[in-house]
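Architecture at a glance
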Amino acid sequence: MKRGLEGPPPEERPTPAGRRNKQGIRIDPEVEATHEPRRTVISALVEHEPGVLSDVSGLFSRRQFNIESLTVGPTEDEDRARITIVVEEPDPGIDQVEKQLRKLVPVIAVRELEPDAMRRELALVKVAAADPAAVSAVADMYDATAVDSSPETATFEITGSRQKIEAAVETFSRFGIREISRTGTTALARGTDRTAAPGATAQSADEANHNETSQTADDD
């Protein structure tokens, strides 16, 4: 009589949770569960070379991530640039943003910033200037700097948090806003904490692919 491997009988063996999709792959219930979206900032350190922004924006377009803003600019190293992304997604979506960014060859490091990170935005707001004194009073309230004026309009530069910018725009709207241009959020970690540094929080493309493959195998 043949004997199988030692262990509990079939009816006593643990049954994996989660349903299987059409391909027969078991879906983690935690991944399939409903998660509330949250707004967060992701910083990516990249090689400063042509086409990097196109690669990143193309990734977001293909994956249909809900991106609120994306800014890019040089860093203290002329060979590297920093991309700051404000994303509003459930936690699984935020994890996917980080994983997919790490797979791009020009990306050196990726990190989700802490909630207390320094976040700033710049906005140019052009308003009707029929009441110059009242317009100037609102500008002083938000530490706005006048960068242009004419008999009919005044344009102000405002810097600060997203909440400050939106409050200023709402207050200026009583005079009639002609045009607005906003840069989107840029951010840095506080203190000696590195915003996104090679080796600290980065994950190589090979590691990212290996981990994702391992996770898929575990789901089988």
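Scroll up to find the structure.
The text that follows walks through the structure, step by step, so that each part is easy to find. Note that this is a predicted model, so its numbers are computed, not measured.

Assigned secondary structure in the chain consists of six helices and nine strands. Residue burial in the chain is summarised as follows: out of 220 residues, 33% are buried. Contacts spanning at least 24 positions in sequence make up 71% of the contacts within the chain whose residues lie at least 6 apart.

Together, Glu47, Glu49, Asp55, Glu78 and Asp79 make up a negatively charged patch on the protein surface. Mapping glutamate 47 onto the fold places it in strand β1 (residues 38–47). A relative accessible area of 33% places glutamate 47 in the partly exposed class.

Here we come to the pairing of strand β2 (residues 67–74). Here β2 runs beside strand β3 (residues 80–89); their pairing, made up of seven bridges, is antiparallel. Bridging across to β3, serine 69 finds its partner in valine 86.

This paragraph deals with the sheet that holds β1. In spatial order, the strands read β2-β3-β1-β4; together these four strands make up an open sheet with antiparallel pairing. Each edge of the open sheet is held by one strand with a lone partner, namely β2 and β4 (107–112). Pairwise comparison of adjacent strand axes, ignoring direction, gives a mean angle of 15° for this sheet.

With that settled, the discussion passes to the side chain of arginine 82. Along the chain, arginine 82 turns up in strand β3. The charged side chain of arginine 82 is buried without a salt bridge, its nearest counter-charge being glutamate 76 at 4.6 Å. A distance of 3.4 Å separates polar atoms of two side chains, one belonging to arginine 82 and the other to serine 43. Discounting chain neighbours no more than four positions away, the residues touching arginine 82 are Ser43, Ala44, Leu45, Thr71, Val72, Gly73, Thr75, Ala187, Leu188, Thr195 and Ala196.

Moving on, we come to helix α3 (residues 91–103). Counted at 1.5 Å a residue, the expected span for α3 with its 13 residues is 18 Å, and the 19 Å between its end C-alpha atoms agrees. For α3, every residue scored as buried is listed here: Gly93, Ile94, Val97, Glu98, Gln100, Leu101 and Arg102.

Attention now goes to the nonpolar core. The biggest cluster of nonpolar side chains holds 18 residues, and the ones touching the most others in it are Ile42, Val46, Phe60, Ile83, Val97 and Leu101. Of all the secondary-structure elements, those providing two or more residues to this core are β1, α2 (52–63), β3, α3 and β4. In contact with valine 97, other than residues within four places in its own chain, are Ile42, Phe60, Phe65 and Val87. If you look at the next biggest cluster of nonpolar residues, it comprises 17 residues, including Ala139, Phe156, Ile158 and Phe175.

Along the polypeptide, serine 57 turns up in helix α2. On the basis of relative accessible area, serine 57 is assigned to the partly exposed category, the value being 37%. The sequence separation of serine 57 and isoleucine 67 amounts to ten residues, and the corresponding C-alpha distance is 9.7 Å.

This part covers the side chain of serine 43. Its location among the elements puts serine 43 in strand β1. Among the residues examined, serine 43 registers a relative accessible area of 0% and is labelled buried. Look past the residues within four positions of serine 43 in its chain and what remains in contact with it is Arg82, Ile83, Ala109, Val110, Arg111, Leu113, Thr195 and Ala196.

Before going further, it helps to examine the pairing of strand β7 (residues 153–160). Most of β7 is tucked away, with six of its eight residues classed as buried. Relative to β7, strand β5 (residues 118–128) is paired through eight bridges, and the arrangement is antiparallel. Bridging across to β7, glutamate 121 finds its partner in glycine 160. The loop that links strand β6 (residues 145–149) with its antiparallel partner β7 comprises three residues.

For α2, which comprises twelve residues, the first-to-last C-alpha distance of 17 Å matches the rise-based estimate of 16 Å (1.5 Å per residue) to within 8%. Looking only at α2, the buried set comprises Val52, Val56, Gly58, Leu59 and Phe60. Close packing links the buried residues of α2 with β1, β2, β3 and α3. Positive phi appears at glutamine 64, one or two residues downstream of α2, with a value of about 60°.

Conventions and cut-offs
Residues numbered from 1 in each chain as written. Predicted model: local features only at pLDDT ≥ 70, side-chain atom pairs only at ≥ 80, totals over all residues. Heavy atoms only, no water. Helix = DSSP H or I, 4+ residues; strand = E, 2+ residues; numbered from the N terminus. Buried < 20%, exposed > 50% of the residue type's maximum accessible area, 1.4 Å probe, protein only. Contact = heavy atoms within 4.5 Å. Patch = residues over 30% accessible without salt bridge, like charges linked within 9 Å, V, L, I, M, F, W, Y side chains within 5 Å. Areas by Shrake-Rupley, 256 points an atom, 1.4 Å probe, with all protein chains shown as cover. Salt bridge = Lys/Arg side-chain N within 4 Å of Asp/Glu carboxyl O. Lys, Arg positive; Asp, Glu negative; His and termini not counted. Charge placed at Lys NZ, Arg CZ, Asp CG, Glu CD. Pairing = 2+ DSSP bridges. Axes fitted to C-alpha atoms, helices over the stretch in contact; angles between N-to-C directions. Polar contact = N/O pair within 3.5 Å; in protein donor to acceptor, adjacent residues only side chain to side chain. Expected span 1.5 Å × (residues − 1). Core = buried A, V, L, I, M, F, W, Y, C linked by side-chain atoms within 4.5 Å.

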